[in-house]
Number of protein chains: 2
Amino acid sequence: MTDPRPRAVVLLSGGLDSATTLAIALHRGFVVHALSFRYGQRHAIELDAAQLIAQQSKVTQHVIVDIDLRTFGGSALTADIEVPKRPSLPAMGTGIPVTYVPARNTIFLSFALGWAEVLDAADIFVGVNAVDYSGYPDCRPEFLEAFERVANLGTRAGIEGHRRFRVHAPLITLTKGDIIRQGAALGVDYALTRSCYDPSPTGAACGTCDACLFRLKGFRDAGLVDPAPYVSLSSITYPP
Amino acid sequence: MTDPRPRAVVLLSGGLDSATTLAIALHRGFVVHALSFRYGQRHAIELDAAQLIAQQSKVTQHVIVDIDLRTFGGSALTADIEVPKRPSLPAMGTGIPVTYVPARNTIFLSFALGWAEVLDAADIFVGVNAVDYSGYPDCRPEFLEAFERVANLGTRAGIEGHRRFRVHAPLITLTKGDIIRQGAALGVDYALTRSCYDPSPTGAACGTCDACLFRLKGFRDAGLVDPAPYVSLSSITYPP
């Protein structure tokens, strides 16, 4: 018997945002097909996290696609550019960080679209966020709307008109604190999630890259303790 | 000394259309970075063709990116679905063919965009064509315009406003005959190009799939003889 619930493709990085987005998609009644990428990122720890999250969340299917963005370079996450460390959060509006990976979300959404089309799914979930916005152009609502238009023009489903693709970004207007509060209420196990741009070989977060700083601030704002491992708990201060 | 000419990323499949598009980009004065994909297509012959074309055209760089679209399936070009063979061209408007690969052009353009951004290139060339249109939704002008909008919203260059991405589809309003005439005038060696969906192990074209039928009609309309190898020249008739 076919499951009568609608299917959705959920982009799952292994981070806090995508784990929360996955929980939201399940809560909204979708059969979830989770999609992750081995894209030449400097560490595989977030993919291990994605696999654990997918297993624990009981998604219907989890696929990891291999794409090597190192071929092009151009980012601190895929090339030999140093990830910046600092004592506190960067000021908003200070520009696009070196951890920006050229066209990454466009590429990820394109694969999600192809898979959704094969699955006969109309819904794609992505955990992007524009409030605790660290300067990524491909995390803005107008970008997602433009991609939705591409999805509906560039596919069989779009041209035959029997379906309208929707790109859901349920976190887009939430602060990191709101995201964590919502995820905690849905039972997300944040101990499994990894956000750090530059973790230790054992998977402990550095506590000083932008991703760690945003995450720590989010837990502080949510009034919760981050259960993920950090290199030195004593040296971690929750940023103001 | 840096080359003062603008750079362009050209999508190069190894087929007739993309080889012509590459020649047009060079003719318009661009430094060309050619991009091909090993995407799980049933035969590698078109990639061999792409490499020969890139070499002979003296492009600055040719990159082949590995992406495995077989993970998703859903097309006769990447899954175990039979490629249709017929004695003559299908009627226009008979629907999207089984050789349509879900979201393929969206995925290809996304990679081109990421590379263009790293190269500081504003121009992307793609050999899609809407006249001898065999029913692919991602070959329509409105799709390309929508993708251009994604490119300009989802990138560093787009957000910082110092550059506007352009997706060039110089063949979009040409018939296959016009394309071949224009390419021949620019010196394209069509003996190197491969169009067949289902070639023999030696690389000879079948002559009866839709791609072969469109190609043969194009050469007939251009008043030229197709120099590419076919399985049996005696059995090939140029369709009306």
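In this text the structure is predicted, and so the values were computed from the model without any measurement. (Residues numbered from 1 in each chain as written. Chains lettered and ligands numbered in written order. Predicted model: local features only at pLDDT ≥ 70, side-chain atom pairs only at ≥ 80, totals over all residues.)

## Things to note about the pairing of strand β2 (residues 31-38) of chain B
Residue and element names in this part refer to chain B. Buried residues dominate β2, accounting for 6 of its 8 residues. Two strands pair when backbone bridges link them, and strand β1 (residues 7-11) and β2 are joined in this way by 5 bridges, in the parallel orientation. Looking across to β2, one finds that V9 is bridged to H33. Each parallel crossover has a hand, and for β1 linked through helix α1 (residues 16-27) to β2 it is right-handed. Relative to strand β3 (residues 61-66), β2 runs parallel, the two being bridged by 6 bridges. Within β3, the position partnered with S36 by the bridge is I64. (Buried ≥ 20, exposed ≤ 12 C-beta atoms within 10 Å, placed from the backbone. Helix = DSSP H or I, 4+ residues; strand = E, 2+ residues; numbered from the N terminus. Pairing = 2+ DSSP bridges. Right-handed = clockwise from strand over helix to strand, strands pointing away.)

## Remarks on the interface of chain B and chain A
Tallying the contact residues gives 39 residues for chain B and 39 residues for chain A. If you list the elements that add at least two residues to the side of chain B that touches chain A, you get β3, α3 (104-119), α4 (141-153) and α5 (156-160) of chain B. Per-element accounting of the side of chain B that touches chain A gives the leading share, 10 residues, to α3 of chain B. Across the side of chain B that touches chain A, the residue classes tally to 21 nonpolar, 10 polar and 8 charged. (Contact = placed C-beta atoms within 7 Å. Nonpolar A, V, L, I, M, F, W, Y, C, P; charged D, E, K, R; others polar.)

## What about the packing of α1 of chain B against helix α6 (residues 176-185) of chain B?
All names here are of chain B. It is the contact of α1 with α6, at a shortest axis distance of 9 Å, that shows an interaxial angle of 45°. In terms of axis orientation, α1 runs oblique to α6. Crossing of α1 over α6 shows left-handed handedness. Judged by residue contacts, L16, D17, A19, T20 and A23 of α1 engage I179, Q182 and G183 from α6. A per-class count over the contact of α1 with α6 returns 4 nonpolar, 3 polar and 1 charged. (Axes fitted to C-alpha atoms, helices over the stretch in contact; angles between N-to-C directions. Parallel < 35°, antiparallel > 145°, perpendicular 65-115°, else oblique. Left-handed = near helix turned anticlockwise from the far one by under 90°.)

## Some thoughts on the confidence of the model for chain A
In the predicted model, chain A carries a mean pLDDT of 84, and 82% of its residues have values of at least 70. The ipTM for the predicted assembly is 0.85, set against a pTM of 0.87. (pLDDT = per-residue confidence, 0-100.)

## Here's the deal with the relation of the copies chain B and chain A
Mapping chain B onto chain A calls for a screw motion: a turn of 180° about the axis and a shift of 0.0 Å along it, with 0.0 Å RMSD after fitting. What we have between these two chains is a two-fold relation. With an isologous cut-off of 70% or more, the 100% of interface residues of chain B that recur at the interface of chain A puts this contact in the isologous class. (Least-squares fit on C-alpha atoms with pLDDT ≥ 70 in both.)

## Observations concerning the environment of G207 of chain B
All names here are of chain B. As for its placement among the helices and strands, G207 is situated in the loop between α6 and α7 (210-222). Overall, the presence of 21 C-beta atoms within 10 Å leaves G207 in the buried class. In the structure, G207 is positioned 59 residues away from E148 in sequence and 35 Å away in space, judged by C-alpha atoms.

## Regarding the sheet that holds β3 of chain B
Residues and elements named next belong to chain B. Strand order in the open sheet formed by 5 strands is β3-β2-β1-β4-β5, and the pairing between neighbours is parallel. At either margin of the open sheet sits one strand with a lone partner, and together these are β3 and β5 (166-168). Adjacent strand axes in the sheet meet at a mean angle of 25°, parallel and antiparallel pairs treated alike. Across 3 bridges, the pairing between β1 and strand β4 (residues 123-125) is parallel. Bridge pairing in β4 places A8 opposite D123.

## Some points on the environment of I124 of chain A
All names here are of chain A. In this fold, I124 is placed in strand β4 (residues 123-125). The spatial distance from the C-alpha of I124 to the C-alpha of H168 is 5.9 Å, given a sequence separation of 44 residues. Other than its neighbours up to four places away in sequence, I124 contacts A8, V9, L109, A112, L113, A116, F165, V167 and H168.

## Side note on α7 of chain B
Residue and element names in this part refer to chain B. With 13 residues, α7 should reach 18 Å at 1.5 Å per residue; the first-to-last C-alpha distance of 18 Å fits that figure. Among the 13 residues that make up α7, 10 are buried, leaving the element largely enclosed by the rest of the structure. In this structure, the buried residues of α7 make contact with α1 and α6. (Expected span 1.5 Å × (residues − 1).)

## Some remarks on helix α4 (residues 141-153) of chain A
All names here are of chain A. Under the 1.5 Å per step criterion, the end-to-end length of α4 is 19 Å for 13 residues, consistent within 8% with the ideal 18 Å. Most of α4 sits out of view: 10 of its 13 residues are buried. All of the buried residues along α4 are F143, L144, A146, F147, E148, R149, V150, A151, N152 and L153.

## A word on the sheet that holds strand β3 (residues 61-66) of chain A
All names here are of chain A. An order of β3-β2-β1-β4-β5 is seen for the 5 strands of this open sheet, with the pairing classed as parallel. Edge positions in the open sheet fall to β3 and β5 (166-168), since each of these has one partner strand only. Direction aside, neighbouring strands of the sheet carry axes that sit 25° apart on average. Running over the sheet, helix α3 (residues 104-119) touches β1 (7-11), β2 (31-38), β3, β4 and β5 and is turned about 160° from β1.

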